[in-house]
Amino acid sequence: MTARPKTAEKSSFLASIVRKQIFIPIAALLLLAIFNLIMDPSFFKITLGHNIEGNPVLSGNIISIIDYGSELAILAIGMTLVTAASRGQDISVGAAIAISGSVVLRILCGPNADAATLQAPIIVAFLASCIVAMAFGAFNGALVSIFRIQPMVATLILFTAGRSIAAWINHNKLPVVNDKTFAYFGGYIPGIPIPTPVFIAIACFIVIWIVLKFTTLGLYAQAVGINEKTSRLNGLNPAFIKFITYVILGLCVAVAAFIKVSRVSTINYSVVAKDIEMDAILAVALGGNSLSGGKFSISASILGAYVIQFLTTTLYKFNVQADALPAYKAVVVILLVILSAPIVREKLSAFFKSLRSPVKAESKS
Amino acid sequence: MQEKSLLEMRGIYKSFPGVKALRNVDFTLREGEIHALMGENGAGKSTLIKVLTGVHIKDSGDIFLKGHSGAVQIHSPQDAQNLGISTVYQEISLCPNLSVAENIFLGRGKHGIVNWRNMNRHAGKLLDSLGIAVKPTQQLASCSIAVQQMVAIARAVDMECSVLILDEPTSSLDESEVEKLFGLMRQLKERGVGIIFVTHFLDQVYEVCDRITVLRDGQLVGEYEIEKLPRVQLVSKMLGKELDDMADIKNDIPVFEEKDKGYVYEAEGLCSSEGIKPFNFNIRKGEVNGFTGLLGSGRSECVRAIFGADKVTGGRVKVNGKEVKINKPIDAMKNGIAYLPEDRKRDGIVGDLSVRDNIILALQVKKGFFKPFTKAEAIKFAEEYIKLLDIKTASVDTPIKSLSGGNQQKVILGRWLLTHPEYLILDEPTRGIDVGTKVDIQKLVLKLASEGMSITFISSETDEMLRTCSRLMVMRDRKLVGELTGDELTQNTIMNTIAGGGQE
Amino acid sequence: MKMKKVLAMAVSTLLCGTMLAGCGSSNESSNSGSSSNSETTTEKKTDAATTVADSGSEDNNGGGSSSGDLIKVGIINNDPNESGYRTANVNDLKATFTKENGFDASFAYSLKNEEQINAAQKFIQDEVDYLLLSAADTAGWDSVLKDAKDAGTRVILFDRTIDADESLYDASIVSDMAKEGEQAVKWLESQDLASYDIIHLQGVIGSAAQKGRSGALNDTAASKGWNIITQQTADWNAEKAQQIVQSVIDSGKKFNVIYAENDDMAKGAVAALDRANISHGVDKDVVVIGFDCNKWALEELQKGNWNYDGQCNPFQSTYILEVIDKLENGETLSQKTIIMDEKGFDAKTITAEDVENYGI
C-alpha cells in the first residue's frame, strides 16, 4: 500500500519532466548510454596513462566525448542566441572557423608561413582572431538586422566565400605551429590529466551564465524573437539585439577555431569544421529549442551538442562502414527529432499520466 | 427574385462559438450598381462577404443569383468563382513574381498547357478595354499597388464575374490612384456588373456608390439610396444611436478638478509616416482626453506618432514644458509616456513569454541592459499587478498566450502601470472584453487621473469616451477636424463633427 | 521593396566578386578579393621561372624562336583553393608558361564543368595555339573539342582524363591514382612487419584519390591477409582522423600501421598517438603513411616521425612542355596517353633536397 502513492508521485513527476525542454537531450544521452552499456560496458572505462611528454592523461570514450564535443558545445551557445533572436540560423560558422583559425596561424607563423618559432605571443593571435571572427559576425548580423535578409540567405554569402578568404589569409599555404605551449590548448596542460578544451568549454559556459544572469540579454533576445513589433513598442531596438547575437556567435567561433587549430597545430582551411554548422543547428534543435526563434535554453543546446558527439563516438567505436555512417547518423537524428516534436511529448506526458490513473482506481477498490 | 437584381441574400444566419456573427441579414445587389456595405468593426460585414464567397458556410438562409432558378449553394471559394462571384481583397492575393498576363490567367488553363503569345495578346486586349495602362509582360511586383489591384479586377472581369466584391481596396492607395480605381469601377458598372464596395472612408462612399446597406452587431439596419441618407444619419446608424433618443449621459461623468499645473505633453504640427495630416495636441496633468472618429480615421496613428511608434516625420514636442525629441518608443518611455497599443496580439503581447516577463518587460527595458531584475523582484512585481488588476492566471510562469483576451489586456496594462508613467495612452483598451472588465478599466482610468496621471483614451464606443474624457479630438480621413469640450460633449455633436463635410 | 532590390544586387555583385576571387577568370583578373593573392603568385612566378628555365629554357627558346613569336596557350584548371595539391599544380603551370619562356598564357579556374566549357569556347575564339585542360568532370567535352579541332587548336589534357574519343585531343598526361597507392602499399609490404594491423583513414568517399589509394590497400590486404582494424572516412580532415584513432585507442585494439590517405589525416592520427604515448615513425611501434608530400609532412619524414609519404605529382608542366616541343617540331607522339612518374618517399632515404624540390 505504501508503495502505491510513490508510484503515482513518480509517474506525475515523469509526466512533468517529459514536458520540460531539457528532457529531450537528457533522454537522448540516456538512450545512447544504455545502448553502449548493453553492447559493451567497457565503453565507459577510463584509464590514467601518460602522453608522449610524460604528462598524466585520462583517456577513454567518455573523456573523448567531452573533449571533442567542446567546440560544438561552444558554438551551440552562440547558435542558440542567434536562433532565438533572429528566428534563423547562421550557416557560415564552419567557414568562419576556417577564417578565424587561419588568422591564428598567420599571426603565429608570420607572413611566410614557415617560421620555426612563434612570431607573436599566443594571446595576440587569439585576440586578433576574436576580432576578425566578431567582425564577420557583425557582417552577418548587419545583413540580417539592418537589411532584413533571411539569416540563412545572409550567411550563405560567408558560407560561400569564407574558405576562399581563409585560403587568401595564408596565401593558400598550410602553416604549422611549431610550439609546444600552443598545443596545450587543444591537448593537455602538463600535470593536468583532463583535456584543456573541456576547461575552455566550461569557462565559456560560465561566461554565458554570468552574461545571462547579470544582463537582460536572455529576456531581450526572446522578446525580439517572439514578437519584434511588441519589443520595439517596449523600447527595445530589435535590430541591435539581433546584431549583437551574431557578434556573440562570432566570439564563440573564434574560441572554437582556436581549439581546432591547437589540436593538431594546424588546420586545413578547405576541410576544417566542414558541416559543423549543421551539427550546431542540430544541437540547438536537439536541445528542444524552436528553430523559428523565441524561447530558448542554452543548457539544453549544450547537452544537445554532447549528444551529437556521443553519437559520433559511438559510431566510430562500432566501426560503422564509412559510407554507411551518414545513414546511421540520419536514422538516429530522425528518432531524436521525432522524440522532440511537441506532439510526441504531449502523448508521452499523457501516457505517464495514464500510468497514474489505474493506480488510483485500484486504491479505491 | 426581383427584376434587375443580380444577387439576393435572404435571412442569413451565421454563428461562431460564442458569437452570433449574422442574424437574419438580407442583402440585395442590382445590375450595374455600386453598393456600399457599411458598419463598424464586428458589425458582420466581413462575415457576410465570407459567406457569399464560400469561405464560411452559412447556418441558414438562402442565396439567389440571377440566371439560377432556386437558391444556389456556395460551399467553397471555387463554387463562388464558378457562379461569377469574384473578390478583390485589400491584401493582393496574386503572385508578385509572375507577369501581369500570367496573373490574369493563373490557374485557369484547362490542360495546364500555355500558349504564351495568345495569352499575352488576350491580356493586352483586356487591359486596353478597361483602360489599365500596364504591359501584359510586366512583372506584377514592379507595378504600383493600385495597378496590382486593377489587374486583380481585370482577372475577375475576364472570368465573367457578375458580382465583384472590393474589400477595402482603397486603404493603401493615394488620391490619384483612388480616382483611377473609381474610374474603373464606373466602367464596370456601365457593363452591368454589380459591385459590393466595403470601406471605412465616408467620402469615398458618397463619391462612387449608389446604395448603402448598413449592418450593426450582426444585424441589418437597413438599405438606403445614397441621396436619401445624409452623412450624419449614416454615422448614427452605424453607431446605433438614433439622433433623437441620444440621452444626455453626462451625468455619469465625474467632474474633474481643473488643475492649473500646465501641460504634461504638448505637440505642434506632429505628423508621421502613416499619412496623418500635421496636428496640434496637448494634455494637462490629471486630464483624461481622447481621440475619436471612425475606424481608419487616423486616431490610432495620432497616438502612435505621440509615442514614436511610427516614424515621426515632423513637428515639435514638449514634455513638462521642455522641448524633447521623441523618435522611437524608448524616447517616449524615458519621458514618462506609456502606450497600450490597439492590436494586442500584434503589438502588445510577447506570446510565448510568461505573464511575469510580460509584466516586467517595459520597466526592465527602461531600467537598462546591465541591471536585470532578480527573479524574486520580478515575481513580486508580477504578483502585485496580478492582484491589483485581478488578472486570472494559473501562475506567474504561465505563458501569456494561454490567457483570455481580457486578462492579456490587463497584463499589458499592468506592464505600463509598473513603469509609473506620467502620461498613459490607451488605444482601444476595452475592445473584445466583457462588460464587467470594461467598467473596471474605465473606473481605473478615472482613478489614475484623480491621482494626477494624464490619460489619452481611444475607444470605438462613444459613450465610453463620453464617460471618461473631458476633451475629445475628432478625426476624419486622417485629419484632426475638431476639438470638443464641456457642453459640446454629446453624441450629437460628436457625430456631426465626425460626419463633417456632408452637412455643409 | 526598393531596399530589397538594391540589396539583392549588392549581394549578387558581392557573390560574383567572391567567385571571381575564388576562381580568377584570367591571369590578369585582379579584383579586390584576390589582389594581394595574385601579387604574391606573380612574385613567385618570377623567381620560380628562373628555376624552371634551367630545365626547359633551351627547348623552349627553340620552340619559341622557330615560329618567331609567343605561343598562345589557354589553360583551364580547377580552383587553386581546392587543395594544396592544386595550388602547387597551378603555381607550377604559372611559373612555366611565362613570356620569358616564350608563351602567352591565359588561365581559367573553375570546379564546374560548364564554366570550364565556356572558358574553353572563349579560348578557341581567341585562337589560342594550345588548349591545356584539367577537366572538372569527365563528360560533356565532345562538342567543344570538335570545335577546337576545326579551329586548329591543339588540345592537351593534363592531370585528369575525359570520356571522349582519342582523336579529339593530341595528348593526355595523367597521374595514376591507383599506381600511387600501389607504390605505397608495395613499400609497406617490403617492410616485412611481423603482423599487419592497419588503421585505414579514407578521404572523401568517391573522390578519385580516395578510390585509387583505398583500392590498392584493399586488394593487397585481402590477398596477403592483412588485418584492417578500422576503415573510416575522415573526409581529409585532421581532427576527424584524430577522433577516429582516439576511438580505436580507447577501445584498446592493437594496431601497428596507420594508412592515411592524405597528410592532414596522418597528422591528426599522430596527434592521437602522441596523446596515448604510442611511439611512431622509423623503427618505432606504429608505421605512419601519408600522401600528398606537403613540405611539413616531408619534414616529419626527415625527423623520422613518419615512415612514408606518397605523392600525386602536381608538377606536370615539364611533361606538357615536352609534348608541346615535340608538336612544334612536327614530331609525332609515340602514344597519346602519358602516365607520369609518381613519387614516394621513405623516411630512411629522404634528403633535404627532396624536401625542397618536391614538398608542396
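Quick caveat, the model's predicted, so the values are computed rather than measured.

Caption draft 1: Structural view of the overall build of chain A. Counting its regular elements, chain A contains 16 helices and two strands. For chain A, whose C-alpha radius of gyration is 23 Å, the value lies close to the compact-globule estimate of 21 Å for 365 residues. Counting only C-alpha atoms, chain A reaches 85 × 60 × 40 Å along its principal axes. Going through the 365 residues of chain A one by one, you find that 54% of them count as buried. Across chain A, the fraction of contacts at a sequence separation of at least 24, relative to all contacts at a separation of at least 6, is 77%.

Caption draft 2: A look at the overall build of chain B. Each helix and strand counted, chain B has 17 helices and 19 strands in total. Its C-alpha atoms give chain B a radius of gyration of 25 Å, near enough to 23 Å, the size a compact globule of 504 residues would have. Dimensions of chain B, computed from the C-alpha atoms along their principal axes, are close to 70 × 55 × 45 Å. By residue count, 46% of the 504 residues in chain B fall in the buried class. Long-range pairs, those at least 24 residues apart, make up 69% of the contacts in chain B with a sequence separation of at least 6.

Caption draft 3: Structural view of the interface of chain B and chain A. Each partner contributes to the interface: chain B provides 23 residues, whereas chain A provides 17 residues. Looking at the side of chain B that touches chain A, the elements with two or more residues in it are α10 (329–334), α11 (344–348) and α12 (355–367) of chain B. A breakdown of the residues in the side of chain B that touches chain A according to their chemical character gives 15 nonpolar, three polar and five charged.

Caption draft 4: Summary view of the pairing of strand β5 (residues 171–174) of chain C. All names here are of chain C. Pairing geometry for strand β4 (residues 154–159) and β5, over four bridges, is parallel. Bridge pairing in β5 places F158 opposite I173. Of the pairings in the sheet, the one linking β5 to strand β11 (residues 337–339) comprises three bridges and is parallel in character. Bridging across to β11, S172 finds its partner in T337.

Caption draft 5: Examining the confidence of the model for chain B more closely. Residues and elements named next belong to chain B. Overall, the predicted model of chain B reaches an average pLDDT of 84, with 90% of residues at or above 70. Contacts of residues 243–256 to residues separated by more than four positions or lying in other chains number 16 contacts, the stretch itself having pLDDT below 50. Listed scores for the predicted complex are pTM 0.74 and ipTM 0.84.

Caption draft 6: Region of interest: the nonpolar core. Counting 299 residues, the largest nonpolar core has L75, A76 and V253 of chain A together with A269 of chain C as its most contacted members. The element that contributes the greatest number of residues to this core is helix α12 (residues 238–264) of chain A, accounting for 18 residues. Every residue in contact with L75 of chain A, bar those within four places of it in the chain, is listed here: V93, C252, V253, A256, I276 and A280 of chain A. Membership of the second largest hydrophobic core comes to 43 residues, among which are I76, F97, W141 and M340 of chain C.

Caption draft 7: Seen up close, the domain arrangement of chain B. Residue and element names in this part refer to chain B. Examined at the domain level, chain B breaks down into domain 1 (1–84 + 161–229), domain 2 (94–159) and domain 3 (283–309 + 324–503). Between the C-alpha centres of domain 1 and domain 2 the distance comes to 25 Å. The partner domain 2 presents eleven residues to the twelve residues of domain 1 that form the contact. Among the residues making up the side of domain 1 that touches domain 2, the classes are represented as seven nonpolar, three polar and two charged.

Caption draft 8: Structural context of the pairing of strand β3 (residues 130–133) of chain C. Residues and elements named next belong to chain C. Here β3 shows a buried face lined by Y130 and L132 and a second buried face lined by L131 and L133. By the bridge criterion, four bridges tie β3 to β4 in an arrangement that is parallel. Of the residues in β4, the one forming a bridge with Y130 is R154. With helix α5 (residues 142–150) bridging β3 and its parallel neighbour β4, the resulting β-α-β unit is right-handed.

Caption draft 9: Layout of the interface of chain C and chain A. Contacts between the two partners involve 45 residues from chain C and, on the opposite side, 38 residues from chain A. Of all the elements in the fold, those that place two or more residues in the side of chain C that touches chain A are α1 (2–23), α2 (35–67), α3 (84–96), β7 (227–233), α8 (238–251) and α9 (263–275) of chain C. Counting residues per element, the side of chain C that touches chain A draws most heavily on α8 of chain C, which supplies ten residues. Of the residues that constitute the side of chain C that touches chain A, the class distribution is 14 nonpolar, 23 polar and eight charged.

Caption draft 10: Region of interest: the sheet that holds strand β15 (residues 337–340) of chain B. All names here are of chain B. What the six strands build is an open sheet, ordered β15-β16-β17-β12-β18-β19; its pairing is mixed. The open sheet terminates on both sides in strands that have one partner only, identified here as β15 and β19 (479–485). Each strand of the sheet is rotated relative to its neighbour by a mean of 15°, with strand direction disregarded. Bridge count for strand β16 (residues 423–427) against strand β17 (residues 454–458) is five bridges, and the pairing is parallel. Each bridged residue has a counterpart across the sheet, and for Y423 the counterpart in β17 is S454. Sheet contacts for helix α9 (residues 299–307): β12 (288–292), β15, β16, β17 and β18 (471–476); angle to β16, the most-contacted strand, approximately 150°.

Caption draft 11: Broad picture of unusual backbone geometry. Positive phi outside glycine occurs at R87 of chain A, with the angle close to 55°. Relative to the helices and strands, R87 of chain A resides in the loop between α4 (70–86) and α5 (93–109). Phi at N277 of chain C takes a positive value of approximately 55°, unusual for a residue other than glycine. Relative to the helices and strands, N277 of chain C is located in the loop between α9 and β9 (287–291).

Caption draft 12: Molecular detail of the environment of F158 of chain C. Topologically, F158 of chain C is positioned in strand β4. Leaving out residues up to four positions away in the same chain, F158 of chain C has contacts with L132, S134, I173, Q316 and I320 of chain C.

Caption draft 13: Expanded view of helix α6 (residues 175–190) of chain B. Its 16 residues give α6 of chain B an end-to-end C-alpha distance of 23 Å, which sits within 8% of 22 Å, the value for a rise of 1.5 Å per residue. The first or second residue beyond α6 of chain B is G192 of chain B, which carries a positive phi of 95°.

Caption draft 14: Representation of the environment of V155 of chain C in the model. Residue and element names in this part refer to chain C. Along the polypeptide, V155 turns up in strand β4. When the C-alpha atoms of V155 and V73 are compared, they prove to be 9.9 Å apart, with 82 residues separating the residues in sequence. Beyond its immediate stretch of four places on either side in the chain, V155 contacts L131, L133, L145, A148, L168, Y169 and D170.

Criteria and thresholds
Residues numbered from 1 in each chain as written. Chains lettered and ligands numbered in written order. Predicted model: local features only at pLDDT ≥ 70, side-chain atom pairs only at ≥ 80, totals over all residues. Helix = DSSP H or I, 4+ residues; strand = E, 2+ residues; numbered from the N terminus. Rg over C-alpha atoms; globule rule 2.2 N^0.38 Å. Buried ≥ 20, exposed ≤ 12 C-beta atoms within 10 Å, placed from the backbone. Contact = placed C-beta atoms within 7 Å. Nonpolar A, V, L, I, M, F, W, Y, C, P; charged D, E, K, R; others polar. Pairing = 2+ DSSP bridges. pLDDT = per-residue confidence, 0-100. Core = buried A, V, L, I, M, F, W, Y, C linked by C-beta atoms within 7 Å. Domains from an automatic or database assignment. Right-handed = clockwise from strand over helix to strand, strands pointing away. Axes fitted to C-alpha atoms, helices over the stretch in contact; angles between N-to-C directions. Expected span 1.5 Å × (residues − 1).

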